[in-house]
Structure formats: C-alpha cells, structure tokens
Amino acid sequence: MLKLGIVGLPNVGKSTLFNALTSAGVLAANYPFATKDPNIGRVNVPDDRLADLARVVQPQRTVPAAVEFVDIAGLVAGASKGEGLGNQFLATIRETDAIVHVVRCFDDDDILHVMGSVDPVRDREVIEFELALADLATVEKRLDRVKRSAKTGDKEALAELPTLERAYEFLKEGKGLWEAKLNAEQLALLKPLSLLTAKPILYAANVTDAELSGEEGPHLLALRKAIEASGELAEIVPFSAKIESELAELPPEDRQEFLATLGLESAGLDRLIKGGFHLLGLQTYFTAGEQEVRAWTIHRGDTAPQAAGVVHSDFGRGFIKAETAGYGDFISHGGWKGVKDKGLMRQEGKEYVVKDGDVLLFRFNV
C-alpha cells in the first residue's frame with residue numbers, strides 16, 4: 001500500500017485536504033496547531049478498469065488498491081527544536097513512502113498565515129530546513145555509533161561511515177539529502193534510518209478555483225521556478241482545498257457533474273494519487289476470479305514473482321508461472337475463457353516484467 005505523509009505550515013490547507021480526501025471529519029480551523037494528534041486515513045485508488053473487470057467477471061467482491069495518508073500537526077520554524085507541535089509527530093511519517101508538502105499559493109486576508117504573508121518558496125525552504133534538522137539528529141546518533149565500531153575495524157561500519165559523513169555534512173547546513181546526489185548503494189545504506197529528506201516530495205499547491213481551470217497565478221509559478229532551479233526531483237499537483245471540501249459533501253454520483261461545471265476533469269484526490277504513483281514509479285495489476293477482483297500496487301519493472309509476492313509471500317517464493325492477459329483483451333473477450341479461446345492468454349515465467357493493467361493468475365508451489 002502506498003503511504004503518503006502530509007506536512008506543511010499551519011493554515012495552508014493540510015487538514016482541510018486530509019478531511020476532504022478521507023471524509024474523516026478531521027478538525028480544520030483557522031488557527032495554528034488545530035491538529036494536535038496525527039490523523040491516519042485510507043483512500044481507495046480510483047481506477048475505472050476495476051469496475052470493468054468486475055462487470056465481466058461478476059465476483060463476490062471487488063477490492064481496489066488503497067493509499068494511506070498520514071496528517072501531522074502544522075510545522076513551524078524551530079519545529080525540529082521543539083517549537084509548535086510538529087516535531088513530536090515527525091516519527092509518524094518516517095515510515096511513509098513519500099511526503100506530500102501542502103503549500104499555500106493564494107492570497108486571502110480572512111485566512112491567517114503563520115508567517116504573516118503568502119510566499120510558497122519561503123515556506124518550502126522552512127519545511128525542508130526543519131525536516132533536515134530532524135534528520136540531522138537521527139544521523140548524528142547513528143554516526144557516533146558507527147565511528148566507534150569503525151575504530152575496531154568492523155567492516156560494515158567502515159562501509160557505512162563515508163555515506164553517513166556525507167549525509168551529515170549536508171544536513172547540518174539545513175539541506176535535504178536529495179541535494180547530496182547519493183547513489184542507489186548509498187541510499188540503501190541510509191534506508192534503515194527512514195530519513196525524511198531522502199523521501200520523494202509531492203508538492204500539493206493549494207490554489208484558487210480559477211487557477212485550476214485557467215492560468216497559473218504568480219505564487220504557483222514562483223514555486224515551480226524555485227523547484228526547477230534547485231534540481232529537486234518532485235511532482236507539483238495544484239488543488240483547491242475549498243473545492244475538495246465541497247466535493248466531499250456531495251454524493252459520489254454528483255461529483256463528476258460538479259467538476260465539469262468548474263471546467264475540471266478530475267478531483268484533487270485523483271491527481272495527488274496519480275502524482276504519487278508517477279513520482280514513485282508505481283503501477284497497477286489485477287487478479288480476477290469468481291471470489292474476488294482486486295487491484296494490486298507494484299513498482300514499474302517488477303517481475304512476475306515480485307508481483308506474486310505482493311499477494312502473499314508464498315506466491316512469490318513458490319512461483320511457477322503466471323497466466324497473463326492484457327486488460328484490453330480481457331475485457332473485449334469476456335474474461336479468462338474468451339482470452340484462452342482466442343489464444344490471447346500467455347504463460348509467463350520468472351523473468352516476465354509485469355505491465356500496467358496486466359490481469360494475472362499465479363501458479364505456485366510451496
């Protein structure tokens with residue numbers, strides 16, 4: 001399951017977004033630190049293909065993929081040193097796959113900004129600085145232990161030490177680890193520390209209704225320019241917390257019509273999840289049988305045994321083959337029997353790289 005941690009300054013639309021996405025009734029108020037406890041909610045991944053598969057197979061149940069959102073208290077300058085309420089909850093988002101940084105990109109005199117003015121570029125830097133200092137504390141503790149072990153000639157410590165020292169040099173300057181340009185081997189060494197600034201960032205830019213269907217405003221353009229200039233690999237997803245709140249109050253059947261009246265094709269939720277999938281290199285495959293049609297989330301490039309292991313570790317360990325059909329063929333020919341009759345069902349082995357939309361039936365032996 002994709003897990004996204006939501007961060008941002010107070011009053012930028014974090015909890016309003018979380019509330020709208022999950023319909024969880026989270027407190028959203030126009031004053032700092034309204035969210036005193038971390039909120040966790042799960043949202044189904046919207047995918048029209050799942051309904052099509054269910055229509056063909058007529059299963060007992062249909063299970064979509066899900067995304068877990070974790071919302072913590074608004075961070076402020078000094079959070080890493082105990083200011084505000086954010087620091088005590090940073091541990092809650094350490095185990096997430098990516099961070100959603102909600103940034104306010106609109107002016108409104110009726111909504112207070114904790115720093116007095118709207119400036120998404122400054123806000124981005126404040127949050128990154130605080131996350132970097134939080135990571136610094138973690139790296140310092142690990143570095144101290146590894147240095148002691150390295151002095152005894154411990155091979156693992158000697159291998160880890162250069163990477164920790166490089167990470168320390170960037171973090172002590174308040175810089176995120178993405179600026180350190182670490183390679184895959186170095187990132188793997190740091191992975192057990194679950195460092196916040198090593199995670200991919202998805203910027204959720206809270207804009208006015210008009211900007212979603214028209215030209216981007218100066219605040220959003222400034223944010224885009226700053227991210228491009230920095231070289232940070234990140235996704236930017238514009239959304240309107242106001243629109244998402246209104247959508248959440250409507251019956252599901254009325255939401256698309258409401259979006260159409262605003263000139264929008266999709267809700268902020270859909271765009272955030274798609275942005276997260278793209279950022280992390282994720283894709284979806286399906287299993288389809290009489291008991292259940294289900295969507296599964298894997299990484300692009302995963303092989304059939306790796307995809308099977310997502311269903312159950314035994315499936316991956318004892319993998320023999322995967323009976324495979326493309327989504328389009330499966331739908332147009334009426335399911336497994338149709339694709340078999342047309343010779344469109346393939347027998348794929350351990351080297352097969354799963355494609356987005358594949359319908360798979362695993363054969364295994366443990």
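See the structure above.
Criteria and thresholds
- Residues numbered from 1 in each chain as written.
- Predicted model: local features only at pLDDT ≥ 70, side-chain atom pairs only at ≥ 80, totals over all residues.
- Heavy atoms only, no water.
- Buried < 20%, exposed > 50% of the residue type's maximum accessible area, 1.4 Å probe, protein only.
- Helix = DSSP H or I, 4+ residues; strand = E, 2+ residues; numbered from the N terminus.
- Arc of directions from axis to C-beta.
- Contact = heavy atoms within 4.5 Å.
- Salt bridge = Lys/Arg side-chain N within 4 Å of Asp/Glu carboxyl O.
- Pairing = 2+ DSSP bridges.
- Axes fitted to C-alpha atoms, helices over the stretch in contact; angles between N-to-C directions.
- Polar contact = N/O pair within 3.5 Å; in protein donor to acceptor, adjacent residues only side chain to side chain.
- Phe/Tyr/Trp six-rings, centres within 6.5 Å; stacked < 30°, edge-to-face > 60°.
- Lys NZ or Arg CZ within 6 Å of the ring centre and 35° of its normal.
- Parallel < 35°, antiparallel > 145°, perpendicular 65-115°, else oblique.
- Left-handed = near helix turned anticlockwise from the far one by under 90°.
- Nonpolar A, V, L, I, M, F, W, Y, C, P; charged D, E, K, R; others polar.
- Core = buried A, V, L, I, M, F, W, Y, C linked by side-chain atoms within 4.5 Å.

If you check which residues of helix H8 (residues 241-248) are buried, you get Ala 241, Ile 243, Glu 244 and Leu 247. Looking straight down H8, one finds its buried side chains confined to an arc of 160°; they lie on one side. Tucked inside the fold, the buried residues of H8 contact helix H1 (14-22), strand S6 (201-206), helix H6 (209-213), strand S7 (234-239), helix H9 (252-261) and helix H10 (268-280).

Okay, the pattern of salt bridges next. The final tally for this structure, using the stated rule, is 20 salt bridges. In this structure, Glu 68 engages Arg 42 in a salt bridge whose closest nitrogen and oxygen atoms are separated by 3.3 Å. Here Arg 42 lies in strand S2 (residues 39-44) and Glu 68 lies in strand S4 (residues 66-71), a separation of 26 residues in the sequence. Among the ionic pairs, Asp 341 bridges to Lys 337, the shortest N-O distance being 2.9 Å. Here the residue Asp 341 and the residue Lys 337 both occupy positions in helix H14 (residues 336-341), the gap between them amounting to 4 residues, near one helical turn. Take Asp 341 and Lys 337: they sit in the same class, and that class is exposed. Taken together, the shared-partner salt bridges connect Asp 47, Arg 49 and Asp 356 into one network.

Before going further, it helps to spend a moment on the sheet that holds S2. Across the sheet, which stays open at both edges, the 6 strands sit in the order S2-S4-S1-S5-S6-S7 with mixed pairing between neighbours. Lying at the two open borders of the sheet, with one neighbouring strand each, are S2 and S7. Looking at each pair of strands side by side, their axes are set apart by 25° on average, direction ignored. In this structure, strand S1 (residues 2-7) lies alongside S4, joined through 5 bridges in parallel fashion. Note on S4: the bridge partner recorded for Ile 6 is Asp 71.

It is worth spelling out the side chain of Arg 94 at this point. With respect to the secondary-structure elements, Arg 94 resides in the loop between S4 and strand S5 (98-104). Judged by relative accessible area, Arg 94 falls into the buried class, the value being 13%. Side-chain polar atoms of Arg 94 contact the side chain of Thr 138, separated by 3.5 Å. Beyond its immediate chain neighbours, meaning those up to four positions away, Arg 94 contacts Ala 134, Asp 135, Thr 138, Leu 193, Ser 194, Leu 195, Leu 196 and Lys 199.

On to the environment of Leu 202. Within the secondary structure, Leu 202 is located in strand S6. Among residues more than four places away in sequence, those in contact with Leu 202 are Ile 99, Val 100, His 101, Glu 235, Val 237, Leu 272, Gly 275, Gly 276 and Leu 279.

Next up on the list: the packing of aromatic side chains. Counted under the stated rule, the structure contains 4 aromatic pairs. When the centroid spacing of 6.4 Å and the interplanar angle of 65° are considered together, the rings of Phe 319 and Phe 362 count as edge-to-face. Here the residue Phe 319 occupies a position in strand S10 (residues 319-325), and Phe 362 occupies one in strand S12 (residues 359-364), the gap between them amounting to 43 residues. A residue is classified by how much of its surface remains accessible, and Phe 319, at 5% relative accessible area, is buried. Members of the aromatic cluster, joined through ring pairs, are Tyr 285, Phe 319 and Phe 362. Here Arg 104 stacks its cationic end above the ring of Phe 106, 4.8 Å away from the centre of that ring.

Here we take up the packing of H8 against H9. Geometrically, a packed helix pair is captured by the angle between its two axes and the distance between the axes. Interaxial distance between H8 and H9 falls to 10 Å at its minimum, and their mutual angle equals 150°. Judged on the interaxial angle alone, H9 and H8 are roughly antiparallel. Our pair here, H8 against H9, has a crossing hand that is right-handed. Residues Ile 243, Glu 246, Leu 247 and Ala 248 of H8 pack against Arg 255, Phe 258 and Leu 259 of H9. Of the residues that constitute the contact of H8 with H9, the class distribution is 5 nonpolar, no polar and 2 charged.

Here the focus is helix H2 (residues 48-57). Burial in H2 covers these residues: Arg 49, Leu 50, Leu 53, Ala 54 and Val 57. Taken down its axis, H2 places every buried residue within 140° of arc, on the same side. Along H2, the residues that are exposed and aim more than 90 degrees away from the buried face are Asp 48, Ala 51 and Arg 55. Along its buried surface, H2 packs onto strand S3 (61-63), strand S8 (282-288), strand S9 (292-299), helix H13 (327-332) and S12.

What follows is about the nonpolar core. With 69 residues, the main nonpolar core has Phe 69, Val 100, Val 102, Leu 272, Phe 330 and Trp 336 as its most contacted residues. At 6 residues, the largest contribution of residues to this core is made by H10. Excluding residues that lie within four positions of it along the chain, Leu 272 makes contacts with Leu 17, Leu 21, Val 100, Leu 202, Ala 204 and Val 237. One finds Phe 170, Leu 171, Ala 180 and Leu 193 within the second-largest nonpolar core, a separate group that totals 19 residues.

Any functional reading would require information beyond the geometric quantities listed.
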